[in-house]
Amino acid sequence: MMGSADIKETGYLDGQILIAMPSMEDQRFSRALIYVCAHSAEGAMGIIINQLAPQMSFGELLVQLDVIPKAEQIQLPPLAKRMRVHHGGPVESGRGFVLHSSDYFIENATLPIDRQVSLTTTLEVLKAIAEGRGPENAILALGYAGWAPGQLENEIQWNGWLNCPADPSLLFDPDLDSKYDRAMRSLGIEIGLLSRDAGHA
């Protein structure tokens, strides 16, 4: 299988990016890139990194969650001004997840995924970003994608997904429209040349 050279010796994909194949039938994941936060015999969990949540700015979300007063929206530091609210997946879509560079850590709240990327789900990371003392790079997503035990492995076997290394320049790039094609190209695949029915007899 293409892209499998970087899978850990355990065979699990945490810390990798899943790339939806053009043949993906579930429209929620059409052209989706999913950063895998956890993958084990118990199942898998990941965050879609190239879809925006509809009609919500990061500043508005900070106000809605009482992280900052409305008047402070215009004074946010550069990372907070650049950040947009992503649609992380169909599960728990009201819950926030922050994928971020590993230069930021909260004891008992931050889960290091690999040397470069961590996950934090508490409001404290949003406060830190709003005050300019947070991570260098971050993505805020509402919701996540989840798989039951063995489900992701079955979807990969049936050509639902490819995987590639989670290069931070791809993971945190704000240019969402180019991410999918760039991820495919990282595997040597030109998307225009790939049949929608790849692998099906």
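Positions within a chain are numbered from 1, following the residues in the order the chain's sequence is written. With the structure being a predicted model, the display of local features is reserved for residues of pLDDT at least 70 and the display and counting of side-chain atom pairs for 80 or more, all residues being used for whole-chain, interface and lining totals. Derived side-chain values reflect all non-hydrogen atoms in the structure, with water molecules and hydrogen atoms excluded from consideration.

Enquirer: Is there a simple way to think about helix H6 (residues 176-186) in this case?
Expert: In an α-helix, one turn spans 3.6 residues; hence positions three or four apart end up facing the same way. Only protein chains enter the accessibility calculation, which uses a 1.4 Å probe. A residue is then buried if its area is under 20% of the maximum for its type, exposed if over 50%, and partly exposed in between. A run of DSSP states H or I qualifies as a helix once it reaches four residues; a run of E qualifies as a strand once it reaches two. Both are numbered from the N-terminal end. Buried residues of H6: Leu176, Lys179, Tyr180, Ala183 and Met184, and no others. Relative to the axis of H6, the buried residues are bounded by an arc of 120° and lie together on one face. At the C-terminal side of H6, Gly188 shows a positive phi close to 80°. Our arc is simply the arc of the directions from the helix axis toward the C-beta atoms.

Enquirer: What exactly am I supposed to notice about the pairing of strand E5 (residues 84-87) here?
Expert: Walk down a regular strand and you will see the side chains alternate between the two sheet faces. Between any two strands, pairing holds if DSSP finds at least two bridges. Here strand E4 (residues 52-57) pairs with E5 via two bridges, running antiparallel. Across the sheet, residue Leu52 finds its bridge partner in E5, namely His86. Across three bridges, the pairing between E5 and strand E9 (residues 138-147) is parallel. Within E9, the residue paired with Val85 across the bridge is Leu140.

Enquirer: What exactly am I supposed to notice about the pairing of strand E1 (residues 16-20) here?
Expert: Burial analysis of E1 places five of its five residues in the buried class, which makes it a mostly covered element. Residues of E1 alternate between two faces, with Gln16, Leu18 and Ala20 on one and Ile17 and Ile19 on the opposite face, all of them buried. As judged from the five bridges shared by E1 and strand E10 (residues 161-165), these two strands associate in the antiparallel manner. If you follow Gln16 over to E10, its bridge partner there is Pro165. With three bridges connecting them, E1 and strand E2 (residues 33-40) associate as antiparallel partners. Considered in E2, the bridge of Ile19 is made with Leu33.

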